[in-house]
Amino acid sequence: MNKQFLIKDAHAVLTGAAGDAARSPATDIRIADGVITQMGCGLLPQPGERVLDARDCVVYPGWVNTHHHLFQSLLKGVPAGINLTLSPWLQAVPFIYRKAFDERRLRLAARIGLVELMLSGCTTVADHHYIYYPNMGYDASAALFDEADKLGVRFMLQRGGGTVTRKLEADQSTYVEPETLDGMMGDVERLAARYHGRGARPMTRVALAPTTATVSVPRGELRQIAGAARRLGIPLHTHMSETVSFMEHCRAEFGCLPIEYLAEHDWLGKDVSLAHLTHLTDGELALLARTGTGMAHCPQSNARLADGVARAPDLHRLGGAVSLGVDGAASNEAADMLSEVHFCWLMHRAHAGAATRPRPDGAGEAGADSVSVEQVVNWASDGGARVLGFDGVGVLAVGQAADLAVYDLDSPRYFGLHDMAIGPVVAAGRPRLKWLLAAGRVVVEDDAIPGVDMAALRAEAAADVLRLAREV
Ligand SMILES: [Zn+2]
C-alpha cells in the first residue's frame, strides 16, 4: 500500500490550529509513513509518491469526535422518544434496548456510526460505551476496537457502566445488573494493557468512564476510580450537568454543585473530559478553566433533548478546553461531524442574539462574533485531540499525524462562495469527500469507503430495525 502522498494545489487549507495559524498559506502537503513531512507551495512530486489532485478543493484536519454512543446508531428516531426530555427519553429509548444488543448487533451499529462519521471527514472517534453487566456473554470493547480498526480510524473507548442501579431504571424490566467495582476495574485494567496507546499519534486509547459520575457509582467509590485511572495512566470521562434537574439532584443529594462534587473527589484536571456541561454557574466555569478539564460539547443532542445551550464560548474565553462530540444517534439523528460543526456555529450566535437586551444607545444587536468558523474547526479537531490526549493529532502541520479531509465543493450549495475555505462549515450539507486520510492511509476515496458495501449495510440496518421493534 502506498505510504507517500503529495496533496497538490488545494484551494485552501484550514489547519485546525487556533488563532493566526488557523489558515495555512500552503497549497501542497507532503505525507510519508502517516506523518505530514512538508507543507508549502509548488512542491514537486518525488519518486514513489502518489499525487492527490486537490484543485478546487479545501483541506481540513480530520475531525475528532469526543463523545458518542455508537450502539445507538440503530436507535434513530424511535417514536416513543422523539418528543421527550432526557430522563424519560433515557427510559423510553436507550435503556429499554440495551439488553437487545449482542455482539452482532453492536458491530452493525458501530459500523453504521463509524461509516457515517468518516463520510463527514472524521478520523478520530471516542465512544462512550456503557452496556456492561455481569455475564453479558460477549466482549463489547474488543468488538468496538475491531470495527474501528477495520475501517482505519483512530479510536478511544470511554469504558462506561456503573456499580449501582440508578433510580431511573430500577423498575424497568430491561434493567441491567450493575457490575462490582472490582469487576469493572479489572476489565478496565485489561483494556488499558491491551489498547491504551502511549506516545505520539496513537491509534487507540482507553478512558475510565462511569456513565454518569453522580449516579452510576456511589460517593465512596468516586475518588477510588479517579485514583485507579491515574495509576493506570488513562484519562477519565463521564456525563455531567446535562439538564437543570441534574443540578437539582446534585444539590439535594450532595449539597453542592456538580463540578464542586467532582472537585471534591479528584475528578478535575487535564486528564478529565466531561460530556455536555449544559448547565454551569460562573464559579463552575472558572473551576473547569483553571483545572484544564475538557468539555465534550454536544450541541445537536442538547438541542434535540431540550437540555439547553452549553456555555462553550464562555469556557473558551476563560482559556478552558472545548471539544465537540455528536453524542449517540438516538438523541442526534445527524450524528456526523459536519452537521455538528454547522449547528454549533449557528446555535451560539442565535443564543447570544436571544440574550441581547435593548440598550439606551440603540445598539441592541450582538452575538454574531460569538464563535467563528476557525474556532469551531479548532474545537472539533485540535481541541478534541487535546481533550482526549491524542498527542500529535488534530492539527495540520509538519510532524503531525496525516489525518485530513479533502472536500470537493462541487455542488450548487457551494457555488458563489467568496471564501471557499469556510464552505463545509457555513453551508452545511455534505460536500463530496474526495479523500479522507487517517494516519496517512486513504480510508475514503471519492465518497466511498473501500470494502464497505453501502447497499448491504443499508439492508442490514433496515432488517435489524424491524427485528428490534419485534424484540423489545
Ligand atoms: Zn452521551
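Keep in mind that this is a model prediction, so the values were computed, not measured. (Residues numbered from 1 in each chain as written. Predicted model: local features only at pLDDT ≥ 70, side-chain atom pairs only at ≥ 80, totals over all residues. Heavy atoms only, no water.)

Peer 1: Is there a simple way to think about the overall build of the chain in this case?
Peer 2: If you tally the helices and strands in the chain, you get 16 helices and 18 strands. For a compact globule of 472 residues, the expected C-alpha radius of gyration is about 23 Å, and the chain comes in at 22 Å, within 12% of that figure. In terms of overall dimensions, the chain has a C-alpha envelope of 65 × 65 × 45 Å along the principal axes. Taking all 472 residues of the chain together, the buried fraction comes to 59%. Put simply, 74% of the contacts in the chain that link residues at least 6 apart link residues at least 24 apart. Accessible surface, the chain: about 17,900 Å² in total, of which carbon and sulfur atoms supply 53%. Averaging the locations of the 45 positively and 55 negatively charged side chains of the chain gives two centres separated by 2 Å. (Helix = DSSP H or I, 4+ residues; strand = E, 2+ residues; numbered from the N terminus. Rg over C-alpha atoms; globule rule 2.2 N^0.38 Å. Buried < 20%, exposed > 50% of the residue type's maximum accessible area, 1.4 Å probe, protein only. Contact = heavy atoms within 4.5 Å. Areas by Shrake-Rupley, 256 points an atom, 1.4 Å probe, with all protein chains shown as cover. Lys, Arg positive; Asp, Glu negative; His and termini not counted. Charge placed at Lys NZ, Arg CZ, Asp CG, Glu CD.)

Peer 1: Looking at this model, I keep getting lost on the coordination of the zinc ion. Mind explaining?
Peer 2: Each angle at a metal carrying four tetrahedral donors should ideally be 109.5 degrees, and each at a metal carrying six octahedral donors should ideally be 90 or 180 degrees. Within the protein, the atoms that donate to the zinc ion are His 67 (NE2), His 69 (NE2), His 239 (NE2) and Asp 327 (OD), at distances of 2.1 to 2.4 Å. Classification of the site at the zinc ion rests on its four donor atoms, whose angles at the metal span 88 to 175 degrees, yielding the label irregular. Mapping the donors of the zinc ion onto the primary sequence yields the spacing H-x1-H-x169-H-x87-D. Residue His 239 is located in strand E12 (residues 236-240), and its partner Asp 327 is located in the loop between strand E15 (321-324) and helix H13 (337-354); the two are separated by 88 residues in the primary sequence. Under the relative-accessibility criterion, Asp 327 is labelled buried at 3%. (Donors = N, O, S within 2.8 Å, 3.2 Å for Na, K, Ca; no water. Tetrahedral: all angles 85-135°; square planar, octahedral: opposite > 155°, others 65-115°.)

Peer 1: What am I meant to see in unusual backbone geometry here?
Peer 2: Excluding glycine, most residues fall at negative phi; most peptide bonds, likewise, are trans. The backbone of Ala 306 sits at a positive phi, close to 55 degrees, despite the residue not being glycine. Considering the arrangement of structural elements, one finds Ala 306 in the loop between helix H11 (299-304) and helix H12 (312-317). On the basis of relative accessibility, which here comes to 60%, the residue Ala 306 falls in the exposed class. Notably, Asp 447 is not glycine yet its phi reads approximately 70 degrees, a positive angle. Note on Asp 447: relative accessible area 23%, which makes it partly exposed.

Peer 1: Whenever I open this one, the domain arrangement of the chain confuses me. Can you help?
Peer 2: When the parts come together, some accessible area is lost, and that loss is often what is quoted as the size of the interface. Assigned domains within the chain: domain 1 (4-61 + 394-445) and domain 2 (63-384). Its C-alpha centre places domain 1 at a distance of 29 Å from the equivalent point of domain 2. Taken together, the contacts link 34 residues of domain 1 with 23 residues of domain 2. Counting each side, the surface lost to burial between domain 1 and domain 2 is near 2,200 Å², with a carbon and sulfur contribution of 66%. The interface formed by domain 1 and domain 2 contains two salt bridges. (Domains from an automatic or database assignment. Buried area = accessible area lost by both parts, 1.4 Å probe. Salt bridge = Lys/Arg side-chain N within 4 Å of Asp/Glu carboxyl O.)

Peer 1: Please explain the side chain of Ser 323 as it appears in this structure.
Peer 2: When you line up the elements, Ser 323 lands in strand E15. The buried category is assigned to Ser 323, whose relative accessible area is 0%. Of the polar contacts made by the side chain of Ser 323, one reaches the backbone oxygen of Met 295; its length is 2.8 Å. Excluding residues that lie within four positions of it along the chain, Ser 323 makes contacts with Thr 66, Met 295, Ala 296, His 297, Trp 379, Gly 383, Gly 384 and Val 387. (Polar contact = N/O pair within 3.5 Å; in protein donor to acceptor, adjacent residues only side chain to side chain.)

Peer 1: Mind showing me how you'd approach the pattern of salt bridges here?
Peer 2: Working definition: two side chains of opposite charge can pair if their charged atoms are close together. As enumerated under the stated definition, the model contains 35 salt bridges in all. Taking the shortest distance from any N to any O, the salt bridge between Glu 116 and Lys 76 comes out at 3.6 Å. Of this pair, Glu 116 sits in helix H3 (residues 103-119) while Lys 76 sits in the loop between strand E8 (63-65) and helix H1 (86-92), and the two are 40 residues apart along the sequence. Note that Arg 219 and Glu 264 form a salt bridge whose closest N and O atoms lie 2.7 Å from each other. Of this pair, Arg 219 sits in helix H7 (residues 219-232) while Glu 264 sits in helix H9 (residues 258-264), placing them 45 residues apart in sequence. The exposure class assigned to Arg 219 is partly exposed, which follows from its relative accessible area of 35%. The partly exposed category is assigned to Glu 264, whose relative accessible area is 37%.

Peer 1: Help me out: how do you make sense of the nonpolar core in this one?
Peer 2: Note that soluble globular proteins tend to have their nonpolar side chains buried in a common cluster. In terms of nonpolar packing, the biggest core is built from 124 residues, with Trp 63, Leu 75, Leu 208, Ile 259 and Tyr 407 touching the most fellow members. At ten residues, the largest contribution of residues to this core is made by H3. (Core = buried A, V, L, I, M, F, W, Y, C linked by side-chain atoms within 4.5 Å.)

Peer 1: Please explain the environment of Met 39 as it appears in this structure.
Peer 2: The topology assignment puts Met 39 in strand E5 (residues 35-40). Classification of Met 39 as partly exposed rests on a relative accessible area of 21%. For Met 39, the residues in contact, after removing those within four places along its chain, are Val 13, Ser 24, Ala 26, Asp 28, Ile 29, Leu 396, Ala 397 and Val 398.

Peer 1: I keep staring at the packing of H3 against helix H4 (residues 140-151) and nothing clicks. Help me out?
Peer 2: The relative placement of two packed helices is expressed as an angle between their axes plus a distance between the axes. It is the contact of H3 with H4, at a shortest axis distance of 9 Å, that shows an interaxial angle of 35 degrees. The hand of the H3/H4 crossing is right-handed. Listed contacts from H4 to Glu 103, Leu 106, Arg 107, Ala 110, Arg 111, Leu 114, Val 115 and Met 118 of H3 are Ala 140, Ala 143, Leu 144, Asp 146, Glu 147, Ala 148, Lys 150 and Leu 151. Of the residues contributing to the contact of H3 with H4, the split by class is ten nonpolar, no polar and six charged. (Axes fitted to C-alpha atoms, helices over the stretch in contact; angles between N-to-C directions. Left-handed = near helix turned anticlockwise from the far one by under 90°. Nonpolar A, V, L, I, M, F, W, Y, C, P; charged D, E, K, R; others polar.)

Peer 1: Even after reading the chapter, I still don't get H7, so can you show me in this structure?
Peer 2: An α-helix turns once every 3.6 residues. As a result, residues three or four positions apart point the same way. Three or more residues of H7 are buried, namely Glu 221, Leu 222, Ile 225, Ala 226, Ala 228, Ala 229 and Leu 232. Buried residues in H7, looked at end-on, bunch into an arc of 160 degrees, giving them a common side. Facing away from the buried side of H7, by more than 90 degrees, are the exposed residues Gly 220 and Arg 231. Structurally, H7 contributes buried residues whose contacts are with helix H6 (181-195), strand E11 (204-208), E12 and H9. Two residues or fewer past H7, Gly 233 is found with a positive phi of approximately 70 degrees. (Arc of directions from axis to C-beta.)

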